[in-house]
Structure formats: structure tokens, C-alpha cells
Amino acid sequence: MATQTATAQDVQKQFEQAGFTVANDPTGKLEVRKSGFVAFLQKQGVSWNYSGPPYYVDHGINCELEDRGYQKFWLAKPEGKRFPIRKIDLENLHRFDEEVRYILGLESLYNEALGSTNARTAYDRLTGRPDR
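Engineer: Is there a simple way to think about the overall build of the chain in this case?
Structural biologist: Counting secondary structure elements, the chain contains 3 helices and 9 strands. Mapped from its N terminus to its C terminus, the chain presents α and β elements in the order α-β-β-β-β-β-β-β-β-α-α-β. Expressed as a percentage of the 132 residues in the chain, the buried residues total 34%. In the chain, 40% of the contacts between residues at least 6 apart in sequence involve partners at least 24 apart. Element-wise, carbon and sulfur atoms account for 50% of the exposed surface of the chain, whose accessible area totals about 8,000 Å².

Engineer: I tried to follow the pattern of salt bridges on my own but got confused; where do I start?
Structural biologist: Any two side chains of opposite charge can pair if their charged atoms end up close together. One pass over the structure, following the stated rule, counts 8 salt bridges. The shortest N-O distance in the salt bridge between Lys72 and Asp67 comes to 3.7 Å. Pair check on accessibility: Lys72 and Asp67 agree, each one buried. Across the pair Asp97 and Arg101 runs a salt bridge, and its minimum N-O distance is 3.3 Å. Placement of both Asp97 and Arg101 in helix 2 (residues 87–104) is noted, with a separation of 4 residues, approximately one turn of the helix. Comparing Asp97 with Arg101 shows no difference in burial state: the two are buried.

Engineer: Please explain the packing of helix 1 (residues 8–17) against helix 2 as it appears in this structure.
Structural biologist: Geometrically, a packed helix pair is captured by the angle between its two axes and the distance between the axes. Following both chains from N to C, one finds helix 1 and helix 2 inclined at 135°, their axes separated by 10 Å at the closest point. Classified by the angle their axes make, helix 1 and helix 2 are oblique. The two elements helix 1 and helix 2 meet at a crossing, and its hand is right-handed. Residue-level contacts link Val11, Gln14 and Phe15 of helix 1 to Val100, Ile103 and Leu104 of helix 2. Looking at the contact of helix 1 with helix 2, its residues break down into 5 nonpolar, 1 polar and no charged.

Engineer: Just to check I follow, could you spell out unusual backbone geometry for this structure?
Structural biologist: Excluding glycine, a negative phi dihedral is what most residues carry, and trans is how most peptide bonds are arranged. Unlike most non-glycine residues, Ser35 shows phi in positive territory, near 55°. Checked against the element boundaries, Ser35 lands in the loop between strand 2 (30–34) and strand 3 (37–44). You will see that His59, though not glycine, has its phi angle at about 55°, which is positive. On the secondary structure map, His59 appears in the loop between strand 5 (55–58) and strand 6 (61–67).

Engineer: Just to check I follow, could you spell out the nonpolar core for this structure?
Structural biologist: Ranked by internal contacts, the top residues of the largest apolar core, which has 23 residues, are Phe15, Phe20, Val32, Leu41, Trp74 and Val100. The set of elements that each furnish at least two residues to this core consists of helix 1, strand 2, strand 3, strand 4 (47–50), strand 6, strand 7 (72–76) and helix 2. At 5 residues, the largest contribution of residues to this core is made by helix 2. The contacts of Phe15, once residues within four sequence positions are left out, are Phe20, Val22, Val32, Leu41, Val100, Ile103 and Leu104.

Engineer: Explanation requested: helix 2 in the structure shown.
Structural biologist: Structurally, the α-helix is built with 3.6 residues per turn, so residues lying three or four positions apart point the same way. With 18 residues, helix 2 extends 26 Å between its outermost C-alpha atoms, agreeing within 8% with the 26 Å of an ideal straight helix rising 1.5 Å per residue. All buried positions along helix 2 are accounted for by Asp89, Leu93, Phe96, Asp97, Val100, Arg101, Ile103 and Leu104. The buried residues of helix 2 occupy one face: seen down the axis, they fall within an arc of 165°. Among the exposed residues of helix 2, those pointing more than 90 degrees away from its buried face are Lys87 and Tyr102. With its phi angle positive at about 75°, Gly105 sits one or two positions after the end of helix 2.

Conventions adopted
- Residues numbered from 1 in each chain as written.
- Predicted model: local features only at pLDDT ≥ 70, side-chain atom pairs only at ≥ 80, totals over all residues.
- Heavy atoms only, no water.
- Helix = DSSP H or I, 4+ residues; strand = E, 2+ residues; numbered from the N terminus.
- Buried < 20%, exposed > 50% of the residue type's maximum accessible area, 1.4 Å probe, protein only.
- Contact = heavy atoms within 4.5 Å.
- Areas by Shrake-Rupley, 256 points an atom, 1.4 Å probe, with all protein chains shown as cover.
- Salt bridge = Lys/Arg side-chain N within 4 Å of Asp/Glu carboxyl O.
- Axes fitted to C-alpha atoms, helices over the stretch in contact; angles between N-to-C directions.
- Parallel < 35°, antiparallel > 145°, perpendicular 65-115°, else oblique.
- Left-handed = near helix turned anticlockwise from the far one by under 90°.
- Nonpolar A, V, L, I, M, F, W, Y, C, P; charged D, E, K, R; others polar.
- Core = buried A, V, L, I, M, F, W, Y, C linked by side-chain atoms within 4.5 Å.
- Expected span 1.5 Å × (residues − 1).
- Arc of directions from axis to C-beta.

Right, dumping it as C-alpha cells:
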């Protein structure tokens, strides 16, 4: 684990050397950007980790990955608008996530490596079920 006791400056330097654009968030988080994607990182104990899912940036708006059961979409957070994800975008999201995990020294779990985790899941067939 390369960043076990890394300071914000150390982590920032590692990301910049890997071609990321890094900015400090007013809340103390680090914002890392590359290839049209952004992630917010925060220090948890002695290591750094995601503070939420990575986002796709479309026209300056952060969009999160949503699974509707039949297709994956980008969901624009403030407006609630969604648009279908393209295969190349999903591949780029996967590559971005793997790079961030590698730099932070985070373990990559099987389902995450497949790209099957989503920020939001909204299956149509769940609506109206007794447990929902």
C-alpha cells in the first residue's frame, strides 16, 4: 500500500504524475479529474478512499452511473435527466476507476473489476412489490 500514511500533498503529487488534474475541495476532499471523469477522495484514518462514486462530466455537469435493469444510463444529478451510456464511456469509466484504485493502493473486488457496480439502481420490476 503506497499511500498508507500519505498526506494530501503526497497523494496530489502521485495523481499529477499519472496525468490527473487535482484540486482541493473546500470540504477537505481532493478532486481528481482525467479523461472526462471526476472522483472525490477523502482521508479515512491513515489512507485515502472514494467519498462517493466516480462521475462522468458532461457539459460541466457531474453524471453518475445508473442501472435501470435493461440498460445503463448517465444520470445528471441536479436536473435528474438521464441519457444512455455508450460502450466507450463505460470502458473509460472502468479504466479511470482502476487507475485511481491503483494509485491509492485500494483492493479491487471482482464485481467492481467487471464494472457491474452502479451509483444507483432503479429496476422497473421492483415498483409495487410488497417489500418496496
